[in-house]
Each structure stands twice: as C-alpha cells, then as structure tokens.
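# Descriptive structure summary
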Amino acid sequence: MSRLMNMAIGRIDKFLFHDTDASACVRFRITFAVLLCVYVTVWMLDGTYWFSDAGVLQTQTARAMSLSTSFSLFWWIPSTPLIVQSLLGLMLIQSVALLIGLWSRFQIICICVLLVSFQNRNPLLMDGEDVVIRLFAFYMIFMPLDHSWSLSRWLRKPSGGEPETSAWAIRLPQVQMTVIYLSAVWSKCLGSTWIDGSAMFYVYKMSDVFGRGQLPLWLTQSPDVIRLSTWSVLLVEAVLPIALWYRPTRTIAVVVGIMLHLSMEYAMHLFLFQWIMIVGLLSFLAVPLRFRSKDTGQAERFGLQ
Amino acid sequence: MQTYRRPAATAIFFMLCAVMITDAVPHGVLLNEFPKTLIDPAAVMLGVDSGPWNMFAPDPRVHNFNLVVEQDVDGEIREIWESENWQEMRGRDKFRHFRKINYYRALTVPYRFPASQDFVDYVARTHPSVSHGGGPVGLSKIGLQLLVPVDGGIPTKDEMTWMLFNETIATSDASFGQTSVLTPAGDSEKPNPLDATSGGQGAALTELNQ
C-alpha cells in the first residue's frame, strides 16, 4: 500500500514539478497581458456607462443580484465615474507592467482583485471569456512570471545561473482547458440539436453573434454540410482533452484547436473569447521542453537557452 | 524548491482542480447541485467560480430581438430609444460594442429583471427626448424566435417557423423615477400603459411562417 502511495506521489511530483517549464509561464504572461490590455481598453471606452452609478446599473442592484459572498471593491467605495475610470486606468497600467514583467506577481494580484471587482460590479456584461480571463489571472499568481523576458529580472541583474523555479502552476490553465472542452461536449450532448446534427443551422441564424466573415451559401444551407460541421465541432471538442495530454498527438491537437477557434473567430463576433482560448492551448506546447533538463545541449539546439 | 512548498503547491493544485471540475458539471446533472452549493460560496469569494461551459448548449436558441424604450405621451406611444441593429453594424464597431450583446440578452433573463429596472430608469433620466411631464417609460423586447421542429432535424425553408414576440419588460415613471417590473407572464405591480402596443397583454405572440 505504501509502495503504491509512494509511486502516486512520485508521479504527481513528476507531473507538477519536473515536467513543467518556467518559460511556458513567461509566454503565458506575455500573451495574456496583450489580451488584457485590449480587454481593459475596451472597458475604459464605456467605463462610466457600464460600471458607475451614473450608468445603467446601480451598485445596490448589482450587489442584490450577486451571491452574498461575492467580492467587489465597489461594495465599499462609491462607483463614481472618476473612481471607475481611475481604477480602469490603473488596471491598464498594471496590464502593461505585467506585459513588460515589472513586479509581475504584484501586478497580477492587483489585476485579479480589480477584475473580480469590475466583473461583479456589472455581471450582465460577462460571458465565458470573462470567466476564463479571471481564472487565468488567478492561476498566474502561482507562476514564476518574471523567470525571463522581464524588466524586474533585468533590473536585478542576476550574477549566477538560472534560479531554481517551479512552474507547477502552468498545469492549472492546462487542466482548465481540458475541463472547458469536456464540459462543453457534455452540455451539448444533453441537447437534441447537437446529436441530430442541426445545431449549426441555428447558430447560423443568430443575427447578433454570427455573420462576421462571408461564408459560401453551400456551407450554411446544405443540410449535409451543416450536419458535418456540427458533428465536427462535437468531435474536436471531445478529442482535444485526450489528444492535448498525449505527447505524440499534442502538437497536432493544439493546431486543430487553434484552427477551430480561428474559424469561429472568422465567422462570429465573440470579442476575445477565441484568443484567450488560443492562449490556453499554447500553454500545452511548452510542456515537453525541459529547461532544467540535464541535457542542456538538446535544449540549446532548439534555441531554448 | 524548499521541501514545505511542494506539499502546499500540490494541495493548492488539487483544490483548484476540484473547484474547476465541480463547477463544470452541467446544471441538472448533480442531485440538488451538490457539492456545487458547498463549494461555490468560497469559490465566488476567491473569484475562481466558473459554472458549466455551455455556449450554444444544450441547444442553440435563435432569439433575434431589439430592445425598445417607449413613452406614452398624451395617449401617443413615442419611441425613445432602440438597441443597435447588429446586422448593419460594421465589424470594428461590433467589437467595440460587443458588451451590449451580452448586456441586452441578460436584461431579458427573468432573474435579472432588477437590472432592467435600472436600465429603463437610466434612459428615463438621461435621454433628451423623454418628456418629463409625460407618462411612464417602458422597456420592451421585440423580435423573432426560430422554433426547433418537434421532430428535430434541419427544417426546410417551408418548415421554418418564426415566432414574433413583443414583450414589455419594465416601466419607469418619467416624473419620479419609480419603476415597476413585469414578470414574463405579463403580471405587473402597477398597470402598464404600454400594453396597448402588445394587444393589452404583457407579451404578444404571433406565429409567422416563412
């Protein structure tokens, strides 16, 4: 029994602490911060309208619609236009600081607090992408964000070699991506339209989100093609959770996943949803590259050191 | 890494995994939504709650609508404000105003009707064409719903059934900023003068075949 226990602990240790790569966290930080800058800028354009008491939703209404345990700075400070715009401005500055790697852990903790505060201040604006952004921000608190490509690290001017870092937290967005695809497939299988192949027909009729890029008529009107595209979405979402974790299929799974999201980006208006999903998918790619491997020569050949 | 950090990191990892897996289970699958009800208060406090990932699931619902704010001025219904026509909007404008798509959809969800009160109050107090000596201002949802055929499958052009709906969501007294909310069934806390636009009921439904 204890042997089995030791083996399990060894596997978990390998999974979390040996096979993870700090540079993946850095790439995750940079791509995430770029999206966050866009995200916050768009919020700022209508900040007063969405989040202040001079806008469309009063603080007490937002609080009444939230769970009693929900947190927002606006439960304690007034939602005046000045305060709202100042906090959004602060979040934009912190997003830029995160991008350049200036005290990244401090920045991401503050960004988390602000994200939760604004998302709870007006939950009516939010959808899946906001949840993914909030969760990824939280997971980044545990990542070695300033491991490289960081202003803080450059300012410290390390004299020795690479510091020992643990990148176990990169597993969190990876597990999250897996859970998202599995949950999406499970939810879809509870309906009839995804099973009978008609779901995409209804998606094509949604006037608010569909119709971004031009699609040929045969793609949106031929019943056979509609069935094929519906089942393709279901199949890709069902296969990705397995293929992303299986090393030989990982790269192709990431590519297929990115193609799925780019095709949705072409056809639909879903703001940054596809891009944050692509950031999540890219977190898988660095896993087999072991920076702290004994075989540093191999890493150098791939231009990793 | 120092020895005490590994067990702590492992514990955090598995706790967060438990939250993300529990939250991702679709609604109605777990008996009494347990253990979500146990975990969610803490998850919400930390900001790590998610809910199931159900975009276009279990079935995509085609609900194309516009929101309209109208006011009854001396027995005449005047249109004060109308939501954007998404089909005519340019791509970059749609990107910029994407939040409105979520917001307008959320306003029509029954449990978020308090927010629709706030919205109609906002229009009543800020829109220049609201007559402050006039009657109440009302928010309505007008649009088309594409019905899924009983037998399922992809309907042909002749089989497609669009249902026209016109539903009043909330009204606000333009003079005093007092609001009443209509339930989906059309009940209201006080009489709604805008019901005339929907045949005297909170919701008017007409079936159209295209």
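Residues numbered from 1 in each chain as written. Chains lettered and ligands numbered in written order. Predicted model: local features only at pLDDT ≥ 70, side-chain atom pairs only at ≥ 80, totals over all residues.

## A closer look at the overall build of chain B
A tally of helices and strands in chain B yields five helices and six strands. Overall, chain B shows an N-to-C arrangement of helices and strands of α-α-β-β-α-α-α-β-β-β-β. Buried residues in chain B amount to 32% of all 210 residues. Considering only contacts within chain B whose residues lie at least 6 apart along the sequence, 64% involve residues at least 24 apart. (Helix = DSSP H or I, 4+ residues; strand = E, 2+ residues; numbered from the N terminus. Buried ≥ 20, exposed ≤ 12 C-beta atoms within 10 Å, placed from the backbone. Contact = placed C-beta atoms within 7 Å.)

## Side note on the interface of chain B and chain A
Contact with chain B, which involves 53 residues of that partner, is made by 64 residues of chain A. Of the residues in the side of chain B that touches chain A, the class split is 36 nonpolar, ten polar and seven charged. (Nonpolar A, V, L, I, M, F, W, Y, C, P; charged D, E, K, R; others polar.)

## Points about the pairing of strand E1 (residues 62-73) of chain B
Sheet analysis places E1 of chain B next to strand E3 (residues 137-147) of chain B, joined by ten bridges and oriented antiparallel. By the bridge assignment for E3 of chain B, Gln71 of chain B is matched with Val137 of chain B. (Pairing = 2+ DSSP bridges.)

## Regarding the domain arrangement of chain A
Residues and elements named next belong to chain A. Partitioning chain A into domains gives domain 1 (15-155) and domain 2 (170-291). A C-alpha centroid distance of 25 Å is found between domain 1 and domain 2. Each partner contributes residues to the interface: domain 1 has 23 residues there, and domain 2 has 20 residues. Listed by contribution, the elements that provide at least two residues to the side of domain 1 that touches domain 2 are helix H2 (22-45) and helix H7 (128-140). (Domains from an automatic or database assignment.)

## Some details on the packing of H7 of chain A against helix H15 (residues 273-282) of chain A
Residue and element names in this part refer to chain A. Where H7 meets H15, the axes come as close as 9 Å, and the angle between the chain directions of the two elements is 35°. Judged by the sense of rotation from one axis to the other, the crossing of H7 with H15 is left-handed. Two secondary-structure elements touch here, H7 through Gly128, Glu129, Val132 and Ile133 and H15 through Phe273, Ile276 and Gly280. Considering only residue class, the contact of H7 with H15 consists of four nonpolar, two polar and one charged. (Axes fitted to C-alpha atoms, helices over the stretch in contact; angles between N-to-C directions. Left-handed = near helix turned anticlockwise from the far one by under 90°.)

## Focus on the pairing of E3 of chain B
Residues in a regular strand project their side chains so that they alternate between the two faces of the sheet. Relative to strand E4 (residues 161-172) of chain B, E3 of chain B runs antiparallel, the two being bridged by eleven bridges. When the bridges of E4 of chain B are listed, Gln145 of chain B appears paired with Met163 of chain B.

## Examining helix H14 (residues 247-267) of chain A
Residue and element names in this part refer to chain A. For H14, built from 21 residues, the straight-helix expectation of 30 Å at 1.5 Å per residue is met to within 8% by its first-to-last C-alpha distance of 31 Å. Of all the residues in H14, the buried ones are Ala253, Gly257 and Leu260. Looking at the buried side of H14, the elements it contacts are helix H13 (223-243) and H15. (Expected span 1.5 Å × (residues − 1).)

## Examining the confidence of the model for chain B
Note: predicted coordinates in regions of low pLDDT should not be interpreted at a detailed level. Residues and elements named next belong to chain B. A residue-level look at chain B finds 81% of positions with pLDDT of 70 or above and a mean pLDDT of 82. Segment residues 182-210: pLDDT under 50, and 56 contacts once partners within four positions in sequence are set aside and those in other chains are kept. Listed scores for the predicted complex are pTM 0.89 and ipTM 0.90. (pLDDT = per-residue confidence, 0-100.)

## Some points on the nonpolar core
Residue and element names in this part refer to chain A. Among the nonpolar cores identified, the biggest contains 109 residues, and Cys25, Ala137, Met143 and Ala169 are the most heavily contacted of them. At ten residues, the largest contribution of residues to this core is made by H2. Apart from the residues lying within four places of it in its own chain, the contact partners of Cys25 are Met143, Pro144, Leu145, His147, Ala167, Ala169 and Ile170. (Core = buried A, V, L, I, M, F, W, Y, C linked by C-beta atoms within 7 Å.)

## Notes on the confidence of the model for chain A
Overall, the predicted model of chain A reaches an average pLDDT of 91, with 91% of residues at or above 70. Within the model, the stretch residues 287-305 of chain A combines pLDDT values under 50 with 21 contacts to residues more than four positions away or in other chains.

## Quick word on helix H9 (residues 171-189) of chain A
Given a rise of 1.5 Å per residue, 19 residues ought to cover 27 Å, and the 27 Å separating the end C-alpha atoms of H9 of chain A matches this to within 8%. The buried fraction of H9 of chain A amounts to 15 of the 19 residues, a majority that puts the element mostly inside the structure.

## Some points on unusual backbone geometry
Residue and element names in this part refer to chain B. For the bond from Phe34 to Pro35, the omega torsion is 10°, close enough to zero to count as cis. If you trace the backbone, Pro35 turns up in the loop between helix H1 (5-24) and helix H2 (36-46). Along the chain, Ala57 connects to Pro58 via a cis peptide bond; the corresponding omega equals 0°. Position of Pro58 relative to the elements: it lies in the loop between H2 and E1. At Glu33, a residue that is not glycine, the phi angle is positive and equals roughly 60°. Examined against the element boundaries, Glu33 turns out to sit in the loop between H1 and H2. Here Phe56, not a glycine, exhibits a phi torsion of approximately 60°, which is positive. Within the fold, Phe56 resides in the loop between H2 and E1. In this structure Phe56 comes out as buried when scored by C-beta crowding, with 20 C-beta atoms within 10 Å.

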